[in-house]
Amino acid sequence: MGSRTGRVVLVIAGFLVATLVVMVPVGILGSSNLVWGEPNQDGRVPIPGKAVVHLPAGTVEATVAIEMPAKGNETVDLPLPSNLSVAIFPVGGGTEPTVSDDLGDSGNAGADGVNVKRRVWSVDVPQDGDYRVRTRGDFTSIGIDPQLWFGHGPPLKGTLVPLVAAGIVIVFGLVWFAARFALGRGRDRREPDAEGEAFEAAGRGDPGDPPPRGPG
């Protein structure tokens with residue numbers, strides 16, 4: 001009983017350690033701005049202000065970024081003014097993009113002139129092209145140099161990194177156990193049964209023995 005409990009504790013401890021180890025590459029490759037960059041690949045527009053940006057077809061994130069001078073190194077919540085709005089029109093006419101509310105959590109920003117960001121909208125762009133963007137919003141009491149970024153962030157949210165890492169460890173663990181089981185089954189088939197072979201040899205007789213002789 002004690003040895004079984006010890007094995008269970010050892011498996012759980014190994015699982016937790018492996019998950020922590022796997023979280024490092026998962027976090028860097030799937031959820032880090034160091035790899036994916038800031039969500040401003042497709043352009044920036046001042047708030048309030050207007051500009052023409054080139055947007056790719058598909059879903060684009062619209063993120064507010066601002067400099068909060070008293071922020072420090074900690075992650076703070078970025079409040080949004082009630083009059084914050086955006087309007088997007090295709091240059092030269094055509095179908096307008098669809099803007100949907102998609103409020104995200106606040107996070108640190110590493111671009112020049114800003115240190116806080118927060119996703120506000122998702123923009124469904126019908127076709128690749130130039131679009132005229134007009135923004136409104138009063139950030140006077142919040143910070144300086146407010147901007148609306150267009151682009152995309154990392155594909156994996158930071159809160160999902162532990163779950164993804166744990167899933168990877170579980171999958172590899174199952175594959176490892178399945179491989180060990182298959183190898184064990186194969187080894188059992190290859191190893192001869194000594195008692196069975198002895199029984200078969202007795203039934204067949206030794207090929208080197210003289211043939212049985214009848215009476216007379």
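Residues numbered from 1 in each chain as written. Predicted model: local features only at pLDDT ≥ 70, side-chain atom pairs only at ≥ 80, totals over all residues. Heavy atoms only, no water.

Here we look at the pattern of salt bridges
Applying the stated criterion to the full structure yields 3 salt bridges. A salt bridge links Asp77 to Arg118; the nearest nitrogen and oxygen atoms lie 3.7 Å apart. Residue Asp77 is found in the loop between β3 (58-67) and β4 (85-90), and its partner Arg118 is found in strand β7 (residues 116-125); the two are separated by 41 residues along the sequence. Given the relative accessible area of 54%, Asp77 is considered exposed. For Asp102, the salt bridge goes to Arg119, with nearest N and O atoms at 3.0 Å. Taken together, the residues Asp102 in the loop between β5 (98-101) and β6 (106-108) and Arg119 in strand β7 connect sequence positions 17 residues apart. A relative accessible area of 25% places Asp102 in the partly exposed class. (Salt bridge = Lys/Arg side-chain N within 4 Å of Asp/Glu carboxyl O. Helix = DSSP H or I, 4+ residues; strand = E, 2+ residues; numbered from the N terminus. Buried < 20%, exposed > 50% of the residue type's maximum accessible area, 1.4 Å probe, protein only.)

Here's the deal with the sheet that holds β4
With antiparallel pairing, the 3 strands of this open sheet are ordered in space as β2-β8-β4. Taken across any chain shown, the strands that pair with only one partner, and hence form the sheet edges, are β2 (49-55) and β4. Going from strand to strand, the sheet's axes swing by 25° on average, the running direction of each strand aside. Bridging between β2 and strand β8 (residues 129-136) involves 7 bridges; their strand directions are antiparallel. What sits directly across from Leu55, in β8, is Gly129. (Pairing = 2+ DSSP bridges. Axes fitted to C-alpha atoms, helices over the stretch in contact; angles between N-to-C directions.)

Examining the environment of Val133
Note that Val133 resides in strand β8. Counting along the chain gives 83 residues from Val133 to Lys50, while the straight-line C-alpha distance between them is 5.4 Å. Aside from chain neighbours lying at most four places away, what touches Val133 is Val45, Gly49, Lys50, Ala51, Val53, Val86, Ala87, Ile88 and Phe150. (Contact = heavy atoms within 4.5 Å.)

A closer look at the pairing of β7
With 9 of 10 residues buried, β7 lies mostly within the body of the structure. Pairing of β3 with β7 involves 9 bridges; the strand directions are antiparallel. From the neighbouring strand, Ala62 faces β7, where its bridge partner is Trp121. Note that β5 and β7 share 4 bridges and pair antiparallel. Bridge assignment links Ser100 to a residue of β7, and that residue is Ser122.

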